[in-house]
Amino acid sequence: MAQHHHAADDLNSPPIGSPLMGDPADILMGLRNVDVGVVAISATCAVSFVNDAFLSAVSAAETDPDAVLGRHYPEVFKACSLPAEARPPACDVPAVAAETSQMRADIAWSPNPAGGWIGIVGNARGQSQGDAPQFEADELTGLGNRKYLKTCFEQMVREDQGERDGVVALFLDLDHFKQVNDTLGHAVGDGLLRKVAERLKRAIRREDVVARVGGDEFAILLADNPLSCAEDIAARIIKMVSRPFLIDGHQLTIGVSIGLAARLPEERDPEKLLQRADIALYESKRSGRNQFSWFKDEMFAELERRRDIEMDLRKALLLQQFEIVFQPQVDFQEHRVTGFEALIRWNHPDMGQILPSDFIGIAEDTGLIIDIGAWVLAEACKAASAWPEDIAVAVNVSSMQFEDSGFVNAVSTALATSGLAPQRLELEITETTLLKKEEVVLQRMNDLRSLGIRISLDDFGIGYSSLNYLRKYPFDKVKIDQSFVREPFADDNAHQIVEAVAQLGAAFGMNVLAEGVETLEQLARIRANGCASIQGFLIGRPIKPTEIGSFLTAPLPTMDQDQPPCAKEGDQG
Ligand code: C2E
Ligand code: MG
Ligand code: MG
């Protein structure tokens, strides 16, 4: 209570023109519980009075008025929770009275003749309906829509007299949303979006704007924002969104990736700002998701390269710029080459040879993978039909390709056209494919296997890979990912996993192959772990189709001697 008396000392006579009349101490006590937000500060900016309504109107972190008394006003009500126009004169920003805005809690400051100021929160909404942006809702979530967001940006820009910290845009994309939608259906997906929207609303301040701008994409504009505060908000959003959701009895966990960009001085085009945030978002996704990244100028160059690749990729098939190289697979139990994996290469006229890691993702994003994949399939089958009959060919299949309704047809056409026996074709799929609806995947696998071809699980052990997949789906082969074979990840733990998978494979009648073997030491260890099928630079790098004949007639480099071969990847000369 002593503090309230102190408060009264500061406010000992009512400020001129303010509604405060009568005995100040009584008035202040009475103001504790009214709906109008009131704050009083001393000439040195110490808080001498504040009520609950004020704390809630400015979305303060503190909810207890007593905890704020006596503290330095700008420290407690950082710009983050208080509009800049409310900064009182003693805090080196001139007093701006009652500038109103749709999105701010407006504080009218009056000087207190006894020293200091009194601030009253005006009606946060409504005083300037005339030029306030007309709210336009996104129907599903009730958040604003893209158009509304842009109007709000324009409003923020109009209000910015260069004294504020500026506008920051956040671009958000939910991680793994598509998976939820695909496996649990649109109703659950919609429910999830609504709940995410609720959490986003809670994560931001009342002066900020959040909108849904795409299927599972959201954008937020932070008004008047110091950069560190934007990071706090981004981190809070990530934390809030990663907590599990309960929707229609399903407990779901997703994540969110965020890109941040600050408005440039004089920037008037909201699209430009959002675009930069979107580019930064791409970086967040690429570097592992569920994190935030600031836009950097270098990202433009990366994006440009991606765009170039995308444009050129559209023409690459037509211009015959792709080629396939083949990497041998050896079975040390049978002492022979059992097959080759087909690996695509893109010979770009200006950029030189481009590896699949630099363009397969883009081909998937643009849908071009369907045609490119069909081409690889046809070419690989054609090449393999010229090889000895006990040599198989393995072709990588993207999940998008696998899902495509024309896929089984593309496979049988490739077989028919090349005359390759189906038993010699192996399709490599990855776990991404298995994340789709189980019945659909199983059906597709069975359709393919009934053609007589075999199916392998590629890159096993990374991502979510569970041993369950091996039981649930009819795989003919498991390819243990390179990270279990090579340092620095191939530790004792990894060796045990290789051993366990090898045993499981034997039990289920599946071939188990280890990828990425580069040294004799790795080879010896993998073999000791019970895995006899090997692929890796030690056995051979990917080679051109014309080199396959001589590879097959040469003695296998690693069977008996201890010198690793120095074969060079045929396509790198
Ligand atoms: P993947 O299917 O796991 O193929 C093995 C990759 O590891 C190949 O890289 C191969 O060159 C490399 N590799 C093999 N042995 C070793 C080794 O001992 N040491 C090291 N450091 N690397 C080794 P590549 O050709 O760059 O292909 C990368 C990935 O791109 C492939 O991984 C596959 O997922 C994808 N890919 C390649 N060709 C195609 C294609 O035609 N269609 C699709 N959808 N994806 C493809
Ligand atoms: Mg593969
Ligand atoms: Mg692999």
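The structure displayed is predicted, hence computed values, not measured ones. (Residues numbered from 1 in each chain as written. Chains lettered and ligands numbered in written order. Predicted model: local features only at pLDDT ≥ 70, side-chain atom pairs only at ≥ 80, totals over all residues. Heavy atoms only, no water.)

K.L.:
Is there a simple way to think about the overall build of the protein in this case?
P.N.:
Across its full length, the protein carries 21 helices and 20 strands. Here the contacts in the protein between residues at least 6 apart in sequence split such that 64% fall between residues at least 24 apart. Accessible surface, the protein: about 26100 Å² in total, of which carbon and sulfur atoms supply 51%. (Helix = DSSP H or I, 4+ residues; strand = E, 2+ residues; numbered from the N terminus. Contact = heavy atoms within 4.5 Å. Areas by Shrake-Rupley, 256 points an atom, 1.4 Å probe, with all protein chains shown as cover.)

K.L.:
What am I meant to see in the pattern of salt bridges here?
P.N.:
Between side chains of opposite charge, a pair can form as their charged atoms come close. Following the criterion strictly, the structure yields 27 salt bridges and no others. Residue Lys 178 is joined to Asp 182 by a salt bridge in which the shortest nitrogen-to-oxygen separation is 2.9 Å. Remark: Asp 182 and Lys 178 occur in helix α7 (residues 177-184); sequence separation between them is four residues, near one turn of the helix. Residues Arg 286 and Glu 302 are paired through a salt bridge, measuring 3.4 Å at the closest nitrogen-oxygen approach. Residue Arg 286 is found in helix α10 (residues 270-286), and its partner Glu 302 is found in helix α11 (residues 298-316); the two are separated by 16 residues along the sequence. Classification of Arg 286 as partly exposed rests on a relative accessible area of 47%. (Salt bridge = Lys/Arg side-chain N within 4 Å of Asp/Glu carboxyl O. Buried < 20%, exposed > 50% of the residue type's maximum accessible area, 1.4 Å probe, protein only.)

K.L.:
When you look at α11 in this model, what are you seeing that I'm missing?
P.N.:
Because each turn of an α-helix spans 3.6 residues, side chains separated by three or four positions end up pointing in the same direction. Helix length check: α11 (19 residues) gives 27 Å between terminal C-alpha atoms against 27 Å at 1.5 Å per residue, within 8%. Every buried residue belonging to α11 is among Met 299, Leu 303, Arg 306, Ile 309, Asp 312, Leu 313 and Ala 316, and all of these are buried. (Expected span 1.5 Å × (residues − 1).)

K.L.:
Is there a simple way to think about the nonpolar core in this case?
P.N.:
Generally speaking, nonpolar side chains in soluble globular proteins are found buried as a group. By size, the foremost hydrophobic cluster in this structure holds 74 residues, and its most contacted members are Phe 326, Leu 425 and Leu 427. With eight residues, the single largest contributor to this core is helix α13 (residues 369-384). Among all residues touching Leu 425, those that are not within four sequence positions of it are Cys 381, Val 393, Val 395, Val 411, Leu 415, Leu 420, Ile 453 and Arg 454. Ranked by size, the runner-up nonpolar core spans 36 residues in total, among them Leu 192, Leu 200, Ala 234 and Ile 247. (Core = buried A, V, L, I, M, F, W, Y, C linked by side-chain atoms within 4.5 Å.)

K.L.:
What am I meant to see in the sheet that holds strand β10 (residues 255-262) here?
P.N.:
Whether parallel or antiparallel, the strands of a sheet pair through hydrogen bonds between backbone atoms. Read across the open sheet, the five strands follow the order β6-β7-β5-β10-β11; overall the sheet is mixed. Two strands lie at the open edges of the sheet, namely β6 (209-214) and β11 (292-294), each paired on one side alone. In this sheet, adjacent strand axes meet at a mean angle of 20° when their direction is disregarded. Judged from the eight bridges that link them, strand β5 (residues 168-175) and β10 form a sheet pairing that is antiparallel. Counterpart to Asp 175 in the pairing with β10 is Gly 255. Helix α9 (residues 227-242) contacts β5, β7 (217-222), β10 and β11 of the sheet and is inclined by roughly 165° relative to β10. (Pairing = 2+ DSSP bridges. Axes fitted to C-alpha atoms, helices over the stretch in contact; angles between N-to-C directions.)

K.L.:
Quick question: what am I supposed to make of the coordination of the magnesium ion (ligand 3) here?
P.N.:
Metal coordination angles in their ideal form are 109.5 degrees for the four-donor tetrahedron and 90 or 180 degrees for the six-donor octahedron. The protein atoms that coordinate the magnesium ion (ligand 3) are Asp 458 (OD), Asp 459 (OD), Glu 515 (OE) and Glu 515 (OE), at distances spanning 2.0 to 2.6 Å. Positions of the donor residues of the magnesium ion (ligand 3), expressed as sequence spacing, correspond to D-D-x55-E. A gap of 4.0 Å separates the magnesium ion (ligand 3) and the magnesium ion (ligand 2), which Asp 458 links by coordinating each metal. Here the residue Asp 458 occupies a position in strand β17 (residues 454-460), and Glu 515 occupies one in the loop between β19 (511-514) and α20 (520-528), the gap between them amounting to 57 residues. (Donors = N, O, S within 2.8 Å, 3.2 Å for Na, K, Ca; no water.)

K.L.:
I'm lost on the coordination of the magnesium ion (ligand 2) in this one. Help?
P.N.:
The coordination sphere of the magnesium ion (ligand 2) contains the protein donors Glu 341 (OE), Asn 396 (OD1), Glu 428 (OE) and Asp 458 (OD), at a distance range of 2.0 to 2.2 Å. Using a relative accessible area of 30% as the deciding quantity, one classes Asn 396 as partly exposed.

K.L.:
Would you mind going over the packing of α10 against α11 with me for this structure?
P.N.:
Two quantities define a packed helix pair, namely the angle between the axes and the distance from one axis to the other. Axis separation between α10 and α11 bottoms out at 10 Å; the angle between their running directions is 80°. For the element pair α10 / α11, the angle class is roughly perpendicular. Where α10 abuts α11, its residues Gln 275, Arg 276, Ile 279, Ala 280, Tyr 282, Glu 283 and Arg 286 lie against Met 299, Phe 300, Glu 302, Leu 303, Arg 306 and Arg 307. Considering only residue class, the contact of α10 with α11 consists of six nonpolar, one polar and six charged. (Parallel < 35°, antiparallel > 145°, perpendicular 65-115°, else oblique. Nonpolar A, V, L, I, M, F, W, Y, C, P; charged D, E, K, R; others polar.)

K.L.:
What exactly am I supposed to notice about the site of ligand 1 here?
P.N.:
Neighbouring ligand 1 are 22 residues; Asn 396, Asp 458, Gln 482, Glu 518 and Phe 537 lie closest to it. Ser 398 places a polar side-chain atom, nitrogen or oxygen, 3.0 Å from a nitrogen atom of ligand 1. In isolation ligand 1 exposes 790 Å². Once the protein is present, 84% of that is buried. For the shell around ligand 1, the element with the highest residue contribution is strand β13 (residues 336-348), accounting for four residues. When grouped by side-chain class, the residues that make up the shell around ligand 1 number eight nonpolar, six polar and eight charged. (Near = heavy atom within 4 Å. Polar contact = N/O pair within 3.5 Å; in protein donor to acceptor, adjacent residues only side chain to side chain.)

K.L.:
Help me out: how do you make sense of the packing of helix α8 (residues 186-203) against α9 in this one?
P.N.:
Between α8 and α9, the shortest axis-to-axis distance is 10 Å and the interhelical angle comes to 145°. Here α8 runs over α9; the crossing is right-handed. Where α8 abuts α9, its residues Arg 199, Leu 200, Arg 202 and Ala 203 lie against Ile 233, Arg 236, Ile 237, Met 240 and Val 241. Each residue belonging to the contact of α8 with α9 can be placed in one class, and the counts come to six nonpolar, no polar and three charged. (Left-handed = near helix turned anticlockwise from the far one by under 90°.)

K.L.:
Honestly, the packing of aromatic side chains in this entry has me stumped. Any pointers?
P.N.:
Aromatic ring pairs are described here by two measures, namely the spacing of the ring centres and the angle between the planes. Following the criterion strictly, the structure yields twelve aromatic pairs and no others. Taken together, a centroid distance of 5.1 Å and an interplanar angle of 70° make the contact between Phe 295 and Phe 300 edge-to-face. Note on Tyr 469 and Tyr 473: the rings are 6.3 Å apart at their centroids and 45° apart in plane angle, and the pair reads as tilted. When sorted by exposure, Tyr 469 lands in the same class as Tyr 473, which is buried. Taken together, Phe 322, Trp 346, Phe 359 and Trp 375 form an aromatic cluster joined through their ring pairs. The ring centre of Phe 245 lies 3.6 Å from the NZ or CZ of Arg 199, which sits over that ring. Looking at Arg 276, its charged tip hangs above the ring of Phe 295, at a distance of 5.9 Å from the centre. (Phe/Tyr/Trp six-rings, centres within 6.5 Å; stacked < 30°, edge-to-face > 60°. Lys NZ or Arg CZ within 6 Å of the ring centre and 35° of its normal.)

K.L.:
Which parts of the structure should I look at to understand the side chain of Gln 327?
P.N.:
Here Gln 327 shows up in strand β12 (residues 322-331). Only 3.2 Å separates the side chain of Gln 327 from the backbone oxygen of Gly 540, close enough to count as a polar contact. Non-local contacts of Gln 327, meaning those with residues more than four positions away in its chain, are made with Gly 339, Phe 340, Glu 341, Leu 343, Gln 535, Gly 536, Phe 537, Gly 540, Arg 541 and Pro 542.

K.L.:
Just checking my understanding: could you explain helix α17 (residues 438-449) for this structure?
P.N.:
Taking 1.5 Å per residue as the helical rise, α17 with its twelve residues ought to reach 16 Å, and the 16 Å between its terminal C-alpha atoms agrees with that figure. Of all the positions in α17, only Val 441, Arg 444, Met 445 and Leu 448 are classed as buried. Down the axis of α17, the sector holding all buried residues measures 100°, keeping them to one side. Looking at the buried residues of α17, the elements they touch are α14 (399-403), α15 (407-418), β16 (425-429), α16 (431-434) and β17. (Arc of directions from axis to C-beta.)

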